[in-house]
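Survey of secondary and tertiary structure
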Amino acid sequence: MEVTSINNGIIIDHVPAGQSLKVLEYLRIDPTDTRLALIMNTTSDRFGSKDIIKIETRHPVNVDVLGFVAGQATIDVVRGGRIVDKITPTLPEHIVNVITCGNPRCVTTSEPGLDQMFHLARRDPPEFRCDYCDEKAKI
Amino acid sequence: MPVVHPSPSGSPLSDLIGSSVVTLDDVSTGQILELLHQAQYIDAHRSTVAHICDGRVLATLFYEPSTRTRLSFETAMLRLGGQVIGFAGAQLSSVSKGESISDTLKTVSNYVDVVAIRHPKEGAALVASRAATVPVINAGDGGHMHPTQTLADLATLESRFGRITDLTIGLCGDLTFGRTVHSLIETLCRFGHVRFVLISPPELRTPRYVLDRIDANPTCSYTEVDDLTAAIGDLDVLYMTRVQKERFFNEDDYLRLRDTYILDEDKLRLSKPHMAVMHPLPRVNEIAAEVDRDPRAAYFEQVKNGMLMRMALESAVVGDALPGYEPLEAKEVRV
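Residues numbered from 1 in each chain as written. Chains lettered and ligands numbered in written order. Predicted model: local features only at pLDDT ≥ 70, side-chain atom pairs only at ≥ 80, totals over all residues. Heavy atoms only, no water.

**Observations regarding the environment of A:T57**
Residue and element names in this part refer to chain A.
- Mapping T57 onto the fold places it in the loop between β3 (48–56) and α2 (63–69).
- For T57, a relative accessible area of 16% corresponds to the buried category.
- One polar contact links the side chain of T57 to the main-chain amide nitrogen of H59, over a distance of 2.9 Å. (Helix = DSSP H or I, 4+ residues; strand = E, 2+ residues; numbered from the N terminus. Buried < 20%, exposed > 50% of the residue type's maximum accessible area, 1.4 Å probe, protein only. Polar contact = N/O pair within 3.5 Å; in protein donor to acceptor, adjacent residues only side chain to side chain.)

See the structure below:
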């Protein structure tokens, strides 16, 4: 399968199969007003199947967010039609305003102006917990 | 002007001056041992410490009802010579007009030297500590943290056994939702050398993340059982909690299990003569009143120890040292 290359932007490879729309949502990239290509459920030597996202943009993506939502993914940075950098996201220690706490008893549900903050509580398997109430994050 | 007795330099507690205590993770093991030691000193030198906080003011901001904890915090400051302001119930505060926790704390910080806060929302004490310019002590934030209860529990172990390690500690009842048992387990695991016997129905087992804390310390171990009668003979400590009806999906299961976890004289006869029976209180029916007469009953001692630990903590965070007190060797206990 071949998709037109991008000139300036990023290629997010090795996205877990079927998860690319969710990845875009967490990266706050709106597919309705962004020039991008999604390749879903294509073959992967390493994982069996995967998604690929190609985005024509000059804005950087939040690598911490990508590490949180798709830890196995990689980023190729494209400039002038050539890959100039490769980034491998790692699990972030802390994420801010990426997800919201699902605990109805959490103070974030009632106190105005609080950032939604989660910390990495466990690496394997990855587990994030709310800074305020320690509720386990649900992705 | 208050008479200030600065904490001795080099004492582990000097690092607590001006600090908030939201969870016991904010307090090192060395500081916990020092606070336990101070509580014993305070108990033996009540008149010596009766004015160390002269001129200090504690605010007790209790957004939900509490009898024991609020009175304990307030009595602790009064017995140190300080004074107390505050409210008991959100309907009595500006929160009823929609004021945020942060704004309340920014305001109250201008009035007082230290704040004790109880709030039904989990994480409220962290929000309060970040907004305040004076130390904030968490007096319970929903079902989340209640660090001074754990300090009271540790003080009771220390007073009964002279140590908080090398013990077999049974925790009985609701081990899924009980914040006091989770906090006690996690804190004891920081010191190590404890054998836990986790006694609960399958529906109310200890969460995995708490068991992970036990597994992470090779000097600690646990067994999970559902029969209190079979386990009680091995225990140095039996920490009882209430099995709440609302935790069960059907009433039959609740009725079947309820009486299994009631401690009475018959079950107590099977225990060691010096076992300590503990409970965070209030109890409902999980410890029969007849047990109160038994010398193994330690739950009202926990109440006294809670006040002593709050005296030690309040004086520590405002930086008023205890006259004549000799600190423990300033060292961190590593596990």
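**Some details on helix α6 (residues 179–191) of chain B**
All names here are of chain B.
- With 13 residues, α6 should cover 18 Å at 1.5 Å per step; its first-to-last C-alpha distance of 19 Å lies within 8% of that length.
- Within α6, 13 of the 13 residues are buried, which leaves the element mostly enclosed by the surrounding structure.
- A positive phi of about 85° marks G192, the residue just after α6. (Expected span 1.5 Å × (residues − 1).)

**Focus: the domain arrangement of chain B**
All names here are of chain B.
- Annotation of chain B at the domain level lists domain 1 (14–146 + 303–323) and domain 2 (147–302).
- Look at where the C-alpha atoms of domain 1 and domain 2 centre, and you get two points 26 Å apart.
- With 31 residues of domain 1 at the contact, the number on the domain 2 side is 24 residues.
- Roughly 2,300 Å² of surface becomes buried between domain 1 and domain 2 when both sides are summed, with 62% attributable to carbon and sulfur atoms.
- When the buried area of domain 1 at its contact with domain 2 is split by residue, L24, H146 and N305 rank highest and sum to 29% of it.
- The tally of links between domain 1 and domain 2 comes to 0 salt bridges.
- The interface formed by domain 1 and domain 2 contains 15 residue pairs in polar contact (both at pLDDT 80 or more).
- Secondary-structure elements contributing two or more residues to the side of domain 1 that touches domain 2 are α1 (29–44), α2 (68–79), β4 (136–141) and α11 (299–318).
- Residue composition of the side of domain 1 that touches domain 2, grouped by class: 13 nonpolar, 12 polar and 6 charged. (Domains from an automatic or database assignment. Contact = heavy atoms within 4.5 Å. Buried area = accessible area lost by both parts, 1.4 Å probe. Salt bridge = Lys/Arg side-chain N within 4 Å of Asp/Glu carboxyl O. Nonpolar A, V, L, I, M, F, W, Y, C, P; charged D, E, K, R; others polar.)

**Digging into the pairing of β4(B)**
- Across the 6 residues of β4(B), 6 count as buried, placing the element largely inside the fold.
- Handedness of the β-α-β unit built from strand β3 (residues 114–119) of chain B, helix α4 (residues 124–131) of chain B and β4(B) comes out right-handed. (Right-handed = clockwise from strand over helix to strand, strands pointing away.)

**A closer look at empty space enclosed by the protein**
All names here are of chain B.
- For the structure shown, the criterion picks out 2 cavities of 30 Å³ or more.
- If you trace the largest cavity, you find it lined by T23, L24, D25, M145, S183, E186, T187, R190 and R213.
- Top element by residues in the lining of the largest cavity is α6. It accounts for 4 residues.
- Here the lining of the largest cavity gathers at least three residues from each of two domains, domain 1 (14–146 + 303–323) and domain 2 (147–302). (1 Å grid on protein atoms, 1.4 Å probe; cavity = no way out; pocket = protein on both sides within 12 Å on 5 of 7 lines; lining within 4 Å. Points joined across faces, edges and corners; volume = space filled by probe spheres on them.)

**What to know about the packing of helix α5 (residues 147–161) of chain B against α6(B)**
Residues and elements named next belong to chain B.
- Axis separation between α5 and α6 bottoms out at 9 Å; the angle between their running directions is 60°. Considered as vectors, α5 and α6 are oriented oblique to each other. The two elements α5 and α6 meet at a crossing, and its hand is right-handed. For the pair formed by α5 and α6, the contact residues are Q149, T150, D153, L154 and L157 on the first element and T180, S183, L184, T187 and L188 on the second. (Axes fitted to C-alpha atoms, helices over the stretch in contact; angles between N-to-C directions. Parallel < 35°, antiparallel > 145°, perpendicular 65-115°, else oblique. Left-handed = near helix turned anticlockwise from the far one by under 90°.)

**Notes on the pairing of strand β4 (residues 74–79) of chain A**
Residues and elements named next belong to chain A.
- The buried fraction of β4 amounts to 5 of the 6 residues, a majority that puts the element mostly inside the structure.
- As paired elements, strand β1 (residues 9–16) and β4 share 5 bridges and run antiparallel to each other. Bridge pairing links G9 to V78 in β4.
- With 5 bridges connecting them, β4 and strand β5 (residues 82–87) associate as antiparallel partners. Bridge assignment links V78 to a residue of β5, and that residue is I83.
- Hairpin connection from β4 to β5: 2 residues lie between these consecutive antiparallel strands, with G80 at a positive phi of about 60°. (Pairing = 2+ DSSP bridges.)

**So, the UniProt feature "domain: Aspartate carbamoyltransferase regulatory subunit C-terminal" (unreviewed entry) in chain A**
- UniProt annotation of "domain: Aspartate carbamoyltransferase regulatory subunit C-terminal" (unreviewed entry) refers to residues 95–137 of chain A when read in the numbering used here.
- Secondary structure across residues 95–137 of chain A divides into 0% helix and 28% strand, with the first and last C-alpha atoms of the span separated by 11 Å. (UniProt positions renumbered as here; feature names shortened; annotations may be inferred.)

**With respect to the sheet that holds strand β8 (residues 127–130) of chain A**
Residue and element names in this part refer to chain A.
- Reading across from one edge, β6-β7-β8 is the order of the 3 strands in this open sheet, with antiparallel pairing throughout. Bordering the open sheet on either side are β6 (94–96) and β8, each of which pairs with just one other strand. Direction aside, neighbouring strands of the sheet carry axes that sit 30° apart on average.
- By the bridge criterion, 3 bridges tie β6 to strand β7 (residues 117–122) in an arrangement that is antiparallel. In the sheet register, I95 faces β7, and the bridge partner there is F118.

**Quick look at the interface of chain B and chain A**
- Residue-level contacts link 15 residues of chain B with 17 residues of chain A.
- Roughly 1,200 Å² is buried in total at the junction of chain B and chain A, and carbon and sulfur atoms are behind 49% of that figure.
- Broken down residue by residue, the surface that chain B buries against chain A is led by B:K121, B:E122 and B:V127, which jointly contribute 44%.
- On the surface where chain B and chain A come into contact, there are 2 salt bridges.
- The partner of A:R105 in a salt bridge is B:E122, and the shortest N-O contact between them spans 3.1 Å.
- Looking at the side of chain B that touches chain A, the elements with two or more residues in it are α3 (101–108), α4 and α7 (208–215) of chain B.
- Its residues placed into classes, the side of chain B that touches chain A shows 7 nonpolar, 4 polar and 4 charged.

**Notes on the nonpolar core**
- The biggest cluster of nonpolar side chains holds 63 residues, and the ones touching the most others in it are B:L35, B:L157, B:I169, B:L171, B:L188 and B:F196.
- It is α11(B) that provides the largest number of residues to this core, a total of 9 residues.
- For this core, the domains that each give at least three residues are domain 1 (14–146 + 303–323) and domain 2 (147–302) of chain B.
- Residues in contact with B:L35, not counting those within four places in the same chain, are B:L13, B:L16, B:V27, B:M309, B:A312, B:L313 and B:A316.
- A:V65, A:M117, B:L105 and B:V112 belong to the second-largest nonpolar core, a separate cluster that totals 54 residues. (Core = buried A, V, L, I, M, F, W, Y, C linked by side-chain atoms within 4.5 Å.)

**So, the side chain of B:D153**
Residue and element names in this part refer to chain B.
- Topologically, D153 is positioned in helix α5.
- Although D153 is buried, it forms no salt bridge, and the closest oppositely charged side chain is R310 at an N-O distance of 8.4 Å.
- Ignoring any residue separated from it by four or fewer positions in sequence, one finds D153 in contact with L184, Y239, M278 and Q302. (Lys, Arg positive; Asp, Glu negative; His and termini not counted.)

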